Amino acid sequence: MQQILDDIAAEMASETDHGKVADYIPQLAHVDPNQFGIAIATPDGQVYAAGNASTLFSIQSISKVFTLTIGLGKLGDGIWTHVGREPSGDPFNSITVLEYESGRPRNPFINAGAIAVVDAIMMGHEPKATLGEILRFVHFIADDDSIRFDHKVAASEMQHRDRNAALAHFMKSFGHIKHDVDKVLGVYFHQCSIAMSCEQLARAGLFLVSNGVNQHTGVRVINAQQSRRINSLMMMCGHYDGAGEFAYRVGLPGKSGVGGGILTIAPGKGSIAVWSPGLDHVGNSKLGLKALELLVQKTGWSVFSN
Ligand SMILES: NC(=O)CC[C@H](N)C(=O)O
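About the thresholds
Residues numbered from 1 in each chain as written. Predicted model: local features only at pLDDT ≥ 70, side-chain atom pairs only at ≥ 80, totals over all residues. Heavy atoms only, no water. UniProt positions renumbered as here; feature names shortened; annotations may be inferred. Helix = DSSP H or I, 4+ residues; strand = E, 2+ residues; numbered from the N terminus. Rg over C-alpha atoms; globule rule 2.2 N^0.38 Å. Buried < 20%, exposed > 50% of the residue type's maximum accessible area, 1.4 Å probe, protein only. Salt bridge = Lys/Arg side-chain N within 4 Å of Asp/Glu carboxyl O. Domains from an automatic or database assignment. Contact = heavy atoms within 4.5 Å. Buried area = accessible area lost by both parts, 1.4 Å probe. Arc of directions from axis to C-beta. Pairing = 2+ DSSP bridges. Axes fitted to C-alpha atoms, helices over the stretch in contact; angles between N-to-C directions.

In the annotation of an unreviewed UniProt entry, the entry for the protein reads Glutaminase, and the organism field reads Psychrobacter urativorans. In its Subunit (unreviewed entry) section, UniProt records this for the protein: "Homotetramer." Looking at the Sequence similarities (unreviewed entry) heading of the UniProt record, one finds this comment for the protein: "Belongs to the glutaminase family."

This is the structure we're talking about:
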């Protein structure tokens, strides 16, 4: 496994087209695009890593997997009154389908859906309480209390919140958001700002590898059915309008973020985190996708083969 990761990191180092770093969040525009990291955590507790796998980056939309997990834990199937579970085929920040579907977001991984999940898990609490809950949850699943919000990134997003604010107000006009919009957005931007390394992120995904249990620590995070369902949603919706391409090239559940990270789950085998800040035209990590495609070729890991 270590050899495979070293080979992939070497191959990525020779790539010249890294894609384009997200600059609509000014704080992310400063990140050096010439970085690549990969880590795999396996159920026996091993972590294999190569490249810049211990460098912290903004997990952005990957956090939507964690808040969905919290939402499923708190509300069970009740979460589906707040958000749907169909792929959108649209960009992550699109508003179009929201109008056709009376303000109910299609799935928890597009921005509108993730904002609705935040509203659902707030349950009348102030942002601070919900943020504490989210961070504690991430500490718990990653087995690492050092993980923090990046307040500069969150503030940068709050300052440039117009598009996400439009989505939230639009949903609120249909009664799908209950709390004050700026409070909900404050929580949403902080969850997106969480800074993690590939190694930490790979560990955090382990519960989705083994039916809701982190086998190494023995801790159950969520029940087996919920774990399977989160993986299905990651497969169908985790890459927005690039989900078909990801399923075609990688064939595993995955969730991307505009910070350039991708968390990918190989059920029963391992939790894989890749990071390279340059994005493709739909906002998914360009080298991250390439690296995962190579990994699947080299390991045969895919939910579509055995
Ligand atoms: N795709 C993403 O990672 C988008 C998340 C980002 N925080 C936003 O709201 O625009």
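**Re the overall build of the protein**
A tally of helices and strands in the protein yields 13 helices and 11 strands. For a compact globule of 306 residues, the expected C-alpha radius of gyration is about 19 Å, and the protein comes in at 18 Å, within 12% of that figure. Over its C-alpha atoms, taken along the principal directions, the protein stretches across nearly 55 × 40 × 35 Å. A buried classification covers 58% of the 306 residues belonging to the protein.

**Some remarks on the pattern of salt bridges**
In total, this model carries 10 salt bridges according to the counting rule given. For glutamate 126, the salt bridge is made with lysine 183, and the minimal N-O distance between the two is 3.2 Å. Of this pair, glutamate 126 sits in the loop between helix H5 (111-122) and helix H6 (127-142) while lysine 183 sits in helix H9 (residues 181-193), and the two are 57 residues apart along the sequence. A relative accessible area of 47% places glutamate 126 in the partly exposed class.

**Section: the domain arrangement of the protein**
The domains assigned to the protein are domain 1 (2-60 + 195-298) and domain 2 (77-191). For domain 1 versus domain 2, the separation of C-alpha centres amounts to 21 Å. With 30 residues of domain 1 at the interface, the matching set in domain 2 holds 29 residues. Approximately 2,300 Å² of surface area, both sides summed, lies buried where domain 1 meets domain 2, with 69% of it carried by carbon and sulfur atoms. Considering only the surface of domain 1 that becomes buried against domain 2, Gln27, Leu233 and Tyr240 emerge as the three largest contributors, covering 23% of it. Along the contact surface separating domain 1 from domain 2 lie 1 salt bridge.

**Description of the UniProt feature "binding site: substrate" (unreviewed entry) in the protein**
The UniProt record marks Ser61, Asn111, Glu157, Asn164, Tyr188, Tyr240 and Val258 with the feature "binding site: substrate" (unreviewed entry), using the residue numbering of this structure. With respect to the helices and strands, serine 61 occurs in the loop between strand S4 (57-58) and helix H3 (63-75). Dropping the residues within four chain positions of it, serine 61 is found in contact with Asn111, Tyr240, Lys255, Ser256 and Gly257. Here asparagine 164 lies in helix H8 (residues 162-173). Residue classification places asparagine 164 among the buried residues on the basis of a relative accessible area of 6%. Residues in contact with asparagine 164, not counting those within four places in the same chain, are Asn111, Ile115, Leu185, Tyr188 and Phe189.

**Concerning helix H7 (residues 151-159)**
Those residues of H7 lying buried are Val153, Ala154, Ser156 and Glu157. Along the long axis of H7, the arc covered by the buried residues comes to 160 degrees, so they all point the same way. Facing away from the buried side of H7 by more than 90 degrees, the exposed set consists of His151, Lys152 and Gln159.

**Structural notes on the sheet that holds strand S2 (residues 37-41)**
Read from one edge to the other, the open sheet built from 5 strands follows the order S3-S2-S10-S9-S8, with strand pairing classed as antiparallel. With partners counted over all chains shown, the strands left at the sheet margins are strand S3 (47-51) and strand S8 (254-256), one partner each. Neighbour-to-neighbour, the strand axes of this sheet turn through a mean angle of 10 degrees, independent of strand direction. By the bridge criterion, 5 bridges tie S2 to strand S10 (residues 270-275) in an arrangement that is antiparallel. Among the inter-strand pairings, isoleucine 38 is bridged to a residue of S10, identified as valine 274.

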